[in-house]
Amino acid sequence: MRTEAVGVIEVNYYSNAVVVLDAMLKASDVDLVSCHKRLGGRMVHAVVKGSVSNVDASVETAKETENIIGKGNLKVAINISNPHPEVVKLMNMLDKKLS
């Protein structure tokens, strides 16, 4: 089964990531698929999945949180509609998490 859409964020600092993810998950019906800390939590990236419209809404909400977490702390907030299966593998997602 193909994934409809995924949203990817990259944020400075773990605490900022929690704020952004909380807003994203509250804004629309998306599921958190993965979250990884790097550099001791100074860089965090996370992936959510859901319908195209729900992922769009969650990514837009992520962009709006910049006024809370500080300008420049949200490095990336993108959505990928109908991602290729190889991209899903690249993001280290398990097929059973996406079905």
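Residues numbered from 1 in each chain as written. Predicted model: local features only at pLDDT ≥ 70, side-chain atom pairs only at ≥ 80, totals over all residues. Heavy atoms only, no water.

A few words on the overall build of the protein chain. The number of helices and strands found in the protein chain is five helices and four strands. Moving toward the C terminus, one meets the helices and strands of the protein chain in the order β-α-β-β-α-α-β-α-α. Residues classed as buried in the protein chain amount to 41% of the 99 residues present. For the protein chain, long-range pairs separated by at least 24 residues make up 71% of all intrachain contacts whose partners lie at least 6 apart in sequence. (Helix = DSSP H or I, 4+ residues; strand = E, 2+ residues; numbered from the N terminus. Buried < 20%, exposed > 50% of the residue type's maximum accessible area, 1.4 Å probe, protein only. Contact = heavy atoms within 4.5 Å.)

Let us look at unusual backbone geometry. Residues other than glycine seldom take positive phi values, yet Y13 does so here, at roughly 75°. A positive phi angle, close to 50°, is found at N82, a residue other than glycine. Secondary-structure assignment places N82 in the loop between β4 (74-81) and α4 (85-90). You can call N82 partly exposed: its relative accessible area is 46%.

It is worth spelling out the sheet that holds strand β1 (residues 5-12) at this point. Overall, antiparallel pairing links the four strands, which are arranged β2-β3-β1-β4 in an open sheet. A single partner strand is all that each edge strand has here, and the edge strands are β2 (31-38) and β4. Going from strand to strand, the sheet's axes swing by 10° on average, the running direction of each strand aside. Note: β2 against strand β3 (residues 43-50), seven bridges, orientation antiparallel. Within the sheet, the bridge partner assigned to K37 lies in β3 and is V44. Helix α1 (residues 14-27) contacts β1, β2 and β3 of the sheet and is inclined by roughly 150° relative to β1. Lying on the sheet, helix α2 (residues 52-64) is in contact with β1, β3 and β4; it crosses β4 at an angle near 170°. (Pairing = 2+ DSSP bridges. Axes fitted to C-alpha atoms, helices over the stretch in contact; angles between N-to-C directions.)

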